[in-house]
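# Inside the fold
Below, each chain spelled out in residue letters.
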Number of protein chains: 4
Amino acid sequence: MTKAVLLLECPDRKGLVAAIMNFLVAQYDANILHAGQHQDAEQGRFFMRVEFECATPEGQPLAAHFAKAFEPVASEFRMRWKLADSNARLRVCLFVSQHLHCLADLLQRHKAGELECEIPLVIGNHPDGEGLTNFYGIPFHTLAMSKGNKAAVEEEQMRLLREHNVDLVVLARYMQILSAEFVEQWKAKIINVHHSFLPAFVGSKPYHAAFARGVKLIGATSHYVTADLDEGPIIDQDVTRVTQGDTIPDLIRKGRDLERVVLSRAVRWQLEHRILHYDNKTVIFD
Amino acid sequence: MTKAVLLLECPDRKGLVAAIMNFLVAQYDANILHAGQHQDAEQGRFFMRVEFECATPEGQPLAAHFAKAFEPVASEFRMRWKLADSNARLRVCLFVSQHLHCLADLLQRHKAGELECEIPLVIGNHPDGEGLTNFYGIPFHTLAMSKGNKAAVEEEQMRLLREHNVDLVVLARYMQILSAEFVEQWKAKIINVHHSFLPAFVGSKPYHAAFARGVKLIGATSHYVTADLDEGPIIDQDVTRVTQGDTIPDLIRKGRDLERVVLSRAVRWQLEHRILHYDNKTVIFD
Amino acid sequence: MTKAVLLLECPDRKGLVAAIMNFLVAQYDANILHAGQHQDAEQGRFFMRVEFECATPEGQPLAAHFAKAFEPVASEFRMRWKLADSNARLRVCLFVSQHLHCLADLLQRHKAGELECEIPLVIGNHPDGEGLTNFYGIPFHTLAMSKGNKAAVEEEQMRLLREHNVDLVVLARYMQILSAEFVEQWKAKIINVHHSFLPAFVGSKPYHAAFARGVKLIGATSHYVTADLDEGPIIDQDVTRVTQGDTIPDLIRKGRDLERVVLSRAVRWQLEHRILHYDNKTVIFD
Amino acid sequence: MTKAVLLLECPDRKGLVAAIMNFLVAQYDANILHAGQHQDAEQGRFFMRVEFECATPEGQPLAAHFAKAFEPVASEFRMRWKLADSNARLRVCLFVSQHLHCLADLLQRHKAGELECEIPLVIGNHPDGEGLTNFYGIPFHTLAMSKGNKAAVEEEQMRLLREHNVDLVVLARYMQILSAEFVEQWKAKIINVHHSFLPAFVGSKPYHAAFARGVKLIGATSHYVTADLDEGPIIDQDVTRVTQGDTIPDLIRKGRDLERVVLSRAVRWQLEHRILHYDNKTVIFD
């Protein structure tokens, strides 16, 4: 038996769900484990996630067989689609700098079985995360950034990602901005986390600005990385209450708690193929 | 064109979704507006909500036609199902005592178009809600409870509910316990709200008990009424934070805010046919 | 016996709390009911709220006596201070337009005893709120805005506020921008509520922008009105979770629920003299 | 200069705050950094936390000097009090079993400087936590429980606690019940975390019970350990939303996230001397 997730998007049309379900039943005698759908009524677009179980087609892995068999349906409905083998664990590379709270959180969740993936390596622009990464039995590569070597560092980063067949990059408080070229090559395959406030503050010291403004809530947002810094499709957000009694270090500490939560949730959803993105937003199937 | 919601439950089986979707397309050339499904893997049960749009079958309302046409599918899959015409507004009767915050909230939401239903009458065991109810143009019936007249009052309540073709009773802080007979006749058609605490407190003064215990959260729960008092299927819950600075009146006030929110949400979900219940729990399609 | 609240702000200095407490005990034999303090360590500023009970000084109201008696302490520590008689209920005027959810909420809370104030009048630029306001026994004045009459309308509004000895103006979804002159005359005496999002959206259709951006949280903020539109000191904020399943009307409905909560909280805190503001932020004593 | 926290409780009385503040100023020329107070009006009890800074009294540590100097004030007002030197870091021992999420979280926060304490040792009844504990440079003692050796194990645990001058025991998902004798000896010095649900479920599989009941919220509570299992004074609580889509493993995972948060908050508050307990509840000064 094989378990798989089908994620698809297409113009909304009559008979769509019936066609997909009929295909899965007729072709694979599939057992539907979960199905979720979403319609963007304004744009007339349809989104679906189907998790199913079926016998492996003789002589070949499901993915190869599916690609051919599903083609007529996909064409007819003009679908953008992806089939993921639920048993195949994605290969994830974490990028980290000097703040280790997200790294520690992700590694512990991974170890505890909450994140079903392989983590073949962690890359840092500082060596701070090395000890903890190695403790969990994972190789750590320090690629220090200095003035002028950014292009060379990114080339090496991408070489490592290719070498280790990485599917997903998670910026676990990685404090360097990735180049447009990097982002373009890893479109919708890089997840980042950043703070967020009401109202929004720009500049390098947002917690100081939030403190000065007396905000009553602070937040964090996980998102796909796009060329527009911190403006990619939002995956998850959360907030917590603060008061005048909270100092700037308190705000930073509370912010870290939120970062852990929204980043790990985004990663888990990605690993479980629960996210579709279109335009500049996401559809989450939970 | 007609809009309708199909809610159904049955043993989980292969081909189920395909069969339902094929039926809707083949029989009514239906346009699926929303569809949600849920599986209880442990029990092997399947739950679905489909909102669709179709041409009205010639010569008769959809409901009548559907009942006959869907029969073979429903039999085959041993479905418990219900079809609701989205244009037919449910008829709701509110029961109230002396605390009017839920009544005021529901009437204002109804007036503002948030609750798509008819409210042909409000029944109180005290006259306190009469003025506000009448302001919104709705008749108010005071049926006072006294020692020994409970059975007679309930008979009159049920007579009024029948007379006004009421579909749903909402206990908007109605402080009388309905008899087992009443509840039995209105199974899954009475929604109530009550406070809830961590840990739970029994007895007549739960806010006092929560205060004495120093809880840090207070909550409210909306649920269907069953013969077991306050033990029916949970529809919605919410909590809010409290501190030692909160007095008992503060707890009660914060509790009211929660009651408004969880009760109005439960009512809206019921009006939109978003709730399925089984065993002692609910499935919410949102 | 008299109950009063002393709110004060001054440069932080040794002996401050002792001096204030000694004064209250020596001068009035006061019974301290609650006391809260806050220090802004960065700016070296001190903030305090003391709620106390004492015998009324012979022959005069406490306020008059206090002003003279407290003067030496206030001078010595360079205090900005205010004494409020807890028994004197503030006089509040609500401004409203066509959306009545905040108006209905505030009037119901007032009626239920949650907001200890007088509401001598409600002013609308549309007549929509008149019926409900009158139901609660409160006069309603419609002062319609049209091109060119803004100055005249504001003059009449201010005349009514003076005539009714109003202490606080609450913009309960009042959709007109007050002039800089109006705001200047009613500094820190006007409370408003507006939506807020992560990230922030400007322009006239923020819910549409939030929908297009796929935000996962929507929020609302209550604040004092200053000449900078929606940029005054924040009093309270709250958020709620949204999903791709929420339509724009759903976002607006959820936004209304937040508006009710954060506006009514801000009003209650103001009535209980729990808010100090400085620079562009607030200190809340709860 | 010395920084200290004074925590006290006494019958409420006029002149109390003035007396305390006068003492601190007259005796130590103290600079008040933070002060919080709480009154239980029903019981007529007063609670206060004062964080202050002063010159070290000549020739002796503040604690010794304070004990003698404060005695007359404490007697007069019948205070139960405690002075904690802010610079002296409490010594904390973590107890752990096989679930390591709370251990990993606390060790990482400690390392990152969020928890200002010493952790001289970790004790497990299983060896699972040893590797991670040692990674952070902390000795780990495995004291396995088996039928009949509980008394001996507890004796050894207490010996280790005394040997390492431990001030606080944190049960970081320690799955053994401490004996009444142990608890008695470490009164208000053991912090535990447990799940909590609305309504409450007893028995050994609460997540299964919550799932069966269809709860919409799950929670966690941190509390002091008393002889009544899981019934000690509540320190912190939090909840998160769940849906029918959440499986039992999802509930457990969400529960773990809450456990991390409420346990680490309770520990931090204890380290910062922010908790007073009386009867069966706590006062938190934040």
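My aim in this report is to walk through the structure given alongside it, one point at a time. (Residues numbered from 1 in each chain as written. Chains lettered and ligands numbered in written order. Predicted model: local features only at pLDDT ≥ 70, side-chain atom pairs only at ≥ 80, totals over all residues. Heavy atoms only, no water.)

### As for the relation of the copies chain C and chain A
Which entries qualify depends on this criterion: Least squares is used to superpose the copies, and the fit set is the C-alpha atoms of residues whose pLDDT is at least 70 in both copies. Pairs of residues are marked as contacts when any of their non-hydrogen atoms sit within 4.5 Å.
Superposing chain C onto chain A takes a rotation of 180 degrees combined with a translation of 0.0 Å along the rotation axis, leaving an RMSD of 0.1 Å. Both chain copies can therefore be described as sitting about a two-fold axis. Here 100% of the interface residues in chain C have copies in chain A that are interface residues too; the copies meet face to matching face.

### Observations regarding empty space enclosed by the protein
Note the following rule: With a 1 Å grid spanning the protein atoms alone, the term cavity applies to any set of points in which a 1.4 Å probe fits but cannot get out, the term pocket to an open set with protein on both sides within 12 Å along at least five of seven lines, and the term lining residue to any residue with an atom within 4 Å of a point. Grid points are joined across faces, edges and corners, and a volume is the space filled by probe spheres set on the points. Where helices and strands are cited, they refer to DSSP runs of H or I of at least four residues and of E of at least two residues respectively, numbered from the N terminus.
A complete count under the given rule lists 14 cavities of 30 Å³ or more for this structure. Considered as a void within the structure, the largest cavity measures approximately 150 Å³ in volume. Counting only elements with at least two residues in the lining of the largest cavity, the list comes to α7 (206–213) of chain B together with β2 (31–40) and β13 (281–284) of chain D. Considering every element that reaches the lining of the largest cavity, the biggest residue donor is β13(D), with three residues.

### Some points on the relation of the copies chain B and chain D
Screw-axis analysis of chain B against chain D gives a translation of 0.0 Å along the axis, an RMSD of 0.0 Å, and a rotation angle of 180 degrees. Looking at the interface residues of chain B, 100% of them are also at the interface in chain D, so both copies use one shared face.

### A few points about the nonpolar core
Threshold: Nonpolar cores are built from buried Ala, Val, Leu, Ile, Met, Phe, Trp, Tyr and Cys residues. Side-chain atoms within 4.5 Å join them into one set. Accessibility here uses a 1.4 Å probe with only protein chains present; expressed as a share of the type maximum, an area under 20% marks a residue as buried, one over 50% as exposed, and anything in between as partly exposed.
Counting 90 residues, the largest nonpolar core has L94(B), L263(B), L94(C) and L263(C) as its most contacted members. Residues V122(A), F211(A), A220(A) and A172(D) belong to the second largest nonpolar core, which totals 89 residues.

### Points about unusual backbone geometry
Positioned with a positive phi, R173(A) is a non-glycine residue whose angle comes to about 65 degrees. Within the secondary structure, R173(A) is located in the loop between β8 (168–171) and α6 (180–185). Its identity as a non-glycine residue notwithstanding, D29(C) has a phi of 50 degrees, on the positive side. Given the relative accessible area of 44%, D29(C) is considered partly exposed.

### Describing the sheet that holds strand β7 (residues 140–142) of chain B
All names here are of chain B. This is how it is decided: Paired strands are those between which DSSP finds at least two bridges. In this analysis an axis means a line fitted to C-alpha atoms, helices contributing only their contacting stretch, and an angle means the value between N-to-C directions, from 0 to 180 degrees.
Ordered by their spatial adjacency, seven strands build an open sheet running β7-β6-β5-β8-β9-β10-β11, and the pairing between neighbours is mixed. With partners counted over all chains shown, the strands left at the sheet margins are β7 and β11 (234–241), one partner each. Taking each pair of neighbouring strands and ignoring which way they run, the sheet shows an average axis angle of 20 degrees. Judged from the two bridges that link them, strand β8 (residues 168–171) and strand β9 (residues 190–197) form a sheet pairing that is parallel. Across the sheet, V169 pairs through a bridge with I190, a residue of β9.

### Topic: the pairing of β11(B)
All names here are of chain B. Among the eight residues of β11, six are classified as buried, and the element is accordingly described as predominantly covered. Sheet topology places strand β10 (residues 217–224) next to β11; seven bridges connect them, and they run antiparallel. Bridge pairing in β11 places L217 opposite R241.

### Let's talk about the interface of chain C and chain A
Filter applied, for reference: Put simply, buried area is how much 1.4 Å-probe accessible surface two parts lose in total, over both of them, once they are put together. The term salt bridge refers to a pairing of a side-chain nitrogen on Lys or Arg with a carboxyl oxygen on Asp or Glu at a separation within 4 Å. Nitrogen and oxygen atoms within 3.5 Å of one another constitute a polar contact, given that in protein one can donate a hydrogen and the other can accept it, and given that sequence-neighbouring residues count only through two side-chain atoms. Each residue is assigned to one class: nonpolar for Ala, Val, Leu, Ile, Met, Phe, Trp, Tyr, Cys and Pro, charged for Asp, Glu, Lys and Arg, and polar for all the others, Gly among them.
The interface is formed by 35 residues belonging to chain C together with 35 residues belonging to chain A. Both sides of the chain C and chain A interface together cover about 2800 Å² of buried area, and 49% of this is carbon and sulfur. At the boundary of chain C and chain A, one finds six salt bridges. Of the charged contacts, one joins E231(C) and R213(A) as a salt bridge, the two residues approaching to 3.8 Å between their closest N and O atoms. At the junction of chain C and chain A, the tally comes to 20 residue pairs in polar contact (both at pLDDT 80 or more). Of all the elements in the fold, those that place two or more residues in the side of chain C that touches chain A are β9 (190–197), α7 (206–213), β11 (234–241), α8 (248–271) and β13 (281–284) of chain C. Of the residues contributing to the side of chain C that touches chain A, the split by class is 16 nonpolar, nine polar and 10 charged.

### Examining the packing of aromatic side chains
Test applied: Any Phe, Tyr or Trp ring, taking Trp's six-membered ring, that has another such ring centre within 6.5 Å forms a pair; planes under 30 degrees apart are called stacked, those over 60 apart edge-to-face, and the others tilted. We call a charge positioned over a ring when the NZ of a Lys or the CZ of an Arg lies within 6 Å of the ring centre and within 35 degrees of the ring normal.
Across all of its chains, the model carries 50 aromatic pairs over all chains by this definition. The interplanar angle of 70 degrees and the centroid separation of 5.0 Å between the aromatic rings of F135(D) and Y136(D) together place this pair among those described as edge-to-face. Taking relative accessible area as the criterion, F135(D) reaches 30% and is therefore assigned partly exposed. Put simply, the rings of F23(A), Y28(A), F52(A), F66(A), F70(A) and W81(A) pair up and form one aromatic cluster. Lying across the ring of F211(A), K281(C) places its NZ or CZ 4.1 Å from the centre.

### Quick word on the interface of chain B and chain D
Listed per partner, the contact involves 35 residues of chain B and 35 residues of chain D. Where chain B meets chain D, there are six salt bridges. The salt bridge partner of D238(B) is R241(D), with a shortest N-O separation of 3.6 Å. The interface formed by chain B and chain D holds 20 residue pairs in polar contact (both at pLDDT 80 or more) in total. Of all the elements in the fold, those that place two or more residues in the side of chain B that touches chain D are β9, α7, β11, α8 (248–271) and β13 (281–284) of chain B. The element best represented in the side of chain B that touches chain D is β11(B), accounting for seven residues. When its residues are assigned to classes, the side of chain B that touches chain D shows 16 nonpolar, nine polar and 10 charged.

### Observations regarding the packing of helix α3 (residues 101–111) of chain C against α8(C)
All names here are of chain C. Short version of the rule: For classification purposes, an angle smaller than 35 degrees is called roughly parallel, one larger than 145 roughly antiparallel, one from 65 to 115 roughly perpendicular, and anything else oblique. The crossing is said to be left-handed when, going from far helix to near helix, the turn is anticlockwise and less than a right angle, and right-handed when the turn is clockwise.
Between α3 and α8, the shortest axis-to-axis distance is 9 Å and the interhelical angle comes to 45 degrees. One element, α3, and the other, α8, form an angle in the oblique class. Seen from above, α3 lies across α8 with right-handed handedness. Here H101, C102, D105, L106 and R109 of α3 come into contact with α8, specifically with R256, E259, R260, L263, S264 and V267. Looking at the contact of α3 with α8, its residues break down into four nonpolar, two polar and five charged.

### As for the environment of R241(A)
With respect to the helices and strands, the residue R241(A) is situated in strand β11 (residues 234–241). The spacing of R241(A) and K216(A) is 25 residues in sequence and 5.8 Å in space, taken between C-alpha atoms. Excluding residues that lie within four positions of it along the chain, R241(A) makes contacts with K216(A), L217(A), K254(A), D236(C), Q237(C), D238(C) and R265(C). One polar contact links the side chain of R241(A) to the main-chain carbonyl oxygen of Q237(C), over a distance of 3.0 Å.

### Observations regarding the pairing of strand β6 (residues 117–124) of chain A
Residues and elements named next belong to chain A. Note the cut-off: Clockwise travel from the first strand over the helix to the second, with the strands pointing away from the viewer, marks a crossover as right-handed.
Judged by how many residues are buried, β6 sits mostly within the fold: seven of eight residues are covered. Pairing of strand β5 (residues 90–96) with β6, which is carried by six bridges, proceeds in the parallel orientation. Its bridge partner being in β6, L94 is matched across the sheet by V122. The parallel pair β5 and β6 is bridged by helix α3 (residues 101–111), and the resulting crossover is right-handed. Pairing of β6 with strand β7 (residues 140–142), which is carried by three bridges, proceeds in the parallel orientation. Paired with V122 across the strands is F140, a residue of β7. Between the parallel pair β6 and β7, the chain is carried across by helix α4 (residues 130–135), and the sense of this crossover is right-handed.

### Focus on the sheet that holds strand β7 (residues 140–142) of chain C
All names here are of chain C. Spatially, seven strands are ordered β7-β6-β5-β8-β9-β10-β11 in an open sheet, and the strand pairing comes out mixed. Looking at strand neighbours, the two that pair on one side only are β7 and β11, the edges of this open sheet. Adjacent strand axes in the sheet meet at a mean angle of 20 degrees when their direction is disregarded. As paired strands, β9 and strand β10 (residues 217–224) are joined by seven bridges and run antiparallel to one another. For I191, the partnering residue across the bridge sits in β10 and is Y224.

### So, the side chain of T282(D)
Here T282(D) lies in strand β13. Judged by its relative accessible area of 3%, T282(D) is buried. Polar side-chain contacts of T282(D) include one of 3.0 Å to the side chain of K216(B). If near-sequence neighbours (up to four positions away) are discounted, T282(D) is found in contact with K216(B), Q244(B), Y224(D), P233(D), I234(D), I235(D), I275(D), L276(D) and H277(D).

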